[in-house]
Amino acid sequence: MSTIAEATARGQTRRRMRIDGWRWAGRIFLLFMLLYTAVPMIWMLITSIKSGFAATQFPPQWWPDEPTLASYQKLLDPQNSVGQDFLRFFWNSLFVSTVTTILSVIVAVPAAYAFSRFTFPGRNFLFFAVLLRNMFPAVIFLVPLFILMRAIGLVNTHGSLILTYLTFGLPLAIWLLKGFYDNIPVQLEQAARIDGATRFQAFIMIVMPLSTPGIIATAIYSFIGAWNEYIYAYTFLSKNEQLTLPVGIQRFFSENTTDFPGLMAASFMMSVPVVVLFLVLQRYFVRALTEGAVKH
Amino acid sequence: MAHVVLKDLVKTYGSFKAVNDVSLTVNDGEFVALVGPSGCGKTTTLNLVAGLTSITSGDIVIGDRVVNDLDPKDRDIAMVFQNYALYPQKSVYMNLAFPLQMRKLPRDEIDKKVKEAARVLDMTHLLERKPRELSGGQQQRVALGRALVRDPAVFLMDEPLSNLDAKLRVQMRSEIKRFHQDLKATIIYVTHDQLEAVTMADKMAVMNGGFLQQYDSPAQVFAHPVNMFVASFIGSPAMSLIPLETSTANGGTALTSAEGWSLGLSPRNVQKVTKAATKKVVLGARHSTIKLHKSAVPGSIPAKVYTVEPTGDVTFVQAFLSGAIVNVSVPPNIAVAPDERIWLEFDQERMHLFDGETEMALEAD
């Protein structure tokens, strides 16, 4: 008896050790991933509070001897030309991204609802045509879209970017939202319509509140996509006062000698809206992506 | 309350006819069950009455209005859904208040009506809860309350008990029946469970393949099914149907089996059989109208036991007879074993005869 008990105990220890080994491997891997994503951001932050000289020193200063917010002051000061440009680029990006987001929600919500609820001729074809757009790399459309924009006179306007970002963002937005609407039982709307609502009221009063997480996720997705986009903004816009942040930062700081602390401070401030948006709304985002994965 | 008339109702999806020339009248205060197997068109019919689906042709009258083109909200109906369809983001109170808010009732009147409905359904303590915090039975009761609070002309119920467990279903069944008796409400109730229809409804409309097969009181449908489908659908265990042929020998008419035996018929049943267009006749008998004998008696037919299912107060015996399986119920003290040879005696007064080609019931004059 005792030998059996011992053998079992030994077997259990061994098994426990093996599980622990895997768990530690997992932890180390996660740690590595964390370093991989966090270190560049930390370095960006540290560099942004260095002086121009300290930023290019080798070996590097891991922590600046004289931390300074001078770069931030320069960028946010509307009096000097650097600050004027930065604030204008920031405003341009905010404008383009916000309009893109609003338009894509306005279009995606009814489109997704229609794909989810109604059967109409060409429904499946249209739905896949919408997704087809996302199967090709963005660069393929660069030249044709530029020619198109020139033909309709939109080159060097923010309208060209908004239109382009919509064609990128909408397919996924519609697809994401359709999944959401598919999960809302049609009987809820039917009940509302019997209870005295019109079809539109049933949608606004019952379906919309239930799909808020999906709409928020869609909005974040569109906003981030538009906020970070570089190649189209670089191609379609050439006038300095129209540039968006990704292009503006790059152009502005690499003309003569690169002001690394300034570049890093600008990059940091560019990531702030996205990070804030994501932190505030992340619970909706996670819910949107996992909704319908399991039956409640 | 109001009566409901369906006249030549048709609904087609492409070339598929989901509802086929259905006509029936639901009188004021009547409880009518639409019953049939899945895909028979009963839920579509209900959705047509509710206005959730547009009709292809025909007329729907509620009260004295033709409602063909009215929106669901203007038809003065309330509906209870199989999955309850409670608004998940709203509390029970707000769920009950919603139909009244949509009708722009004053706030204090809404409050009064909601509390009254909650009191009637014994769920005052649940008013502040969200639907997901309620059990299935409680959700069902809220759904019923939301229908009740409006005081509609007609209640439509789409399999309201199907999502409940067996015990709760029996309990809610009597609650809904009581609800109908107290309110004198006009109710159209869809179910695939013939037992629900038989136990609850004043009248039942049996549907199959989009056609209305029979519309009558449960007792009448049970006793006089118009065709083989209705005969086999209503009643549990199902009516046994045995395909046979008529033969005339020495001046008498009998039903003969390919197995070699024949069954003499009473004069009334002979009259029925002569109505058939062909020699093929199907004999239908319910389990309680067949007597089981352990030895041959005059007029009995030999059969072989297939399975024996004791249920406690009655034992169901399934036997092979002329290629069909026959259900017989016997008292629990009669012991039979599988594969045992038995003899079955049919009650001439209560047997059903169907035309083997048209599957319609054969009636005497």
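Residues numbered from 1 in each chain as written. Chains lettered and ligands numbered in written order. Predicted model: local features only at pLDDT ≥ 70, side-chain atom pairs only at ≥ 80, totals over all residues.

**Comments concerning the overall build of chain B**
If you tally the helices and strands in chain B, you get 9 helices and 20 strands. Along the first, second and third principal axes, the C-alpha atoms of chain B reach 85 × 45 × 35 Å. Scored against the burial criterion, the 365 residues of chain B give a buried share of 39%. Sequence-distant contacts in chain B: of pairs separated by 6 or more residues, those separated by 24 or more amount to 65%. (Helix = DSSP H or I, 4+ residues; strand = E, 2+ residues; numbered from the N terminus. Buried ≥ 20, exposed ≤ 12 C-beta atoms within 10 Å, placed from the backbone. Contact = placed C-beta atoms within 7 Å.)

**Some remarks on the interface of chain B and chain A**
Opposite the 18 residues of chain B that make contact, chain A presents 14 residues. Looking at the side of chain B that touches chain A, the elements that each hand over two or more residues are β6 (77-80) and α2 (92-102) of chain B.

**Here's the deal with the domain arrangement of chain A**
Residue and element names in this part refer to chain A. Under the domain assignment used here, chain A contains domain 1 (2-48) and domain 2 (76-290). With 4 residues of domain 1 at the contact, the number on the domain 2 side is 6 residues. Partitioning the side of domain 1 that touches domain 2 into residue classes produces 2 nonpolar, 2 polar and no charged. (Domains from an automatic or database assignment. Nonpolar A, V, L, I, M, F, W, Y, C, P; charged D, E, K, R; others polar.)

**Focus on the pairing of strand β17 (residues 315-321) of chain B**
All names here are of chain B. Sheet analysis places strand β16 (residues 301-310) next to β17, joined by 6 bridges and oriented antiparallel. Paired with Lys-304 across the two strands is Phe-320, which belongs to β17. Hairpin geometry of β16 and β17 is characterised by an intervening segment of 4 residues between the two adjacent antiparallel strands and by a positive phi of about 115° at Gly-312. Examined bridge by bridge, β17 and strand β18 (residues 324-330) share 7 bridges and lie antiparallel to one another. (Pairing = 2+ DSSP bridges.)

**Some remarks on the domain arrangement of chain B**
Domain parsing of chain B yields domain 1 (4-229) and domain 2 (240-355). Between the C-alpha centres of domain 1 of chain B and domain 2 of chain B there is a distance of 40 Å.

**Section: the sheet that holds strand β12 (residues 252-256) of chain B**
All names here are of chain B. A sheet is described by the order of its strands in space; here 5 strands give the open sequence β13-β12-β11-β14-β20, paired in antiparallel fashion. Single-partner strands in this sheet number two, and they are β13 (262-264) and β20 (352-355). Going across the sheet, the axis of each strand differs from the next one's by a mean of 40°, ignoring polarity. Here strand β11 (residues 240-249) runs beside strand β14 (residues 280-285); their pairing, made up of 6 bridges, is antiparallel. (Axes fitted to C-alpha atoms, helices over the stretch in contact; angles between N-to-C directions.)

**Overview of the environment of Gln-57 of chain A**
If you trace the backbone, Gln-57 of chain A turns up in the loop between α2 (52-56) and α3 (70-76). Along the sequence, Gln-57 of chain A and Ile-140 of chain A sit 83 residues apart, while their C-alpha atoms lie 41 Å from each other.

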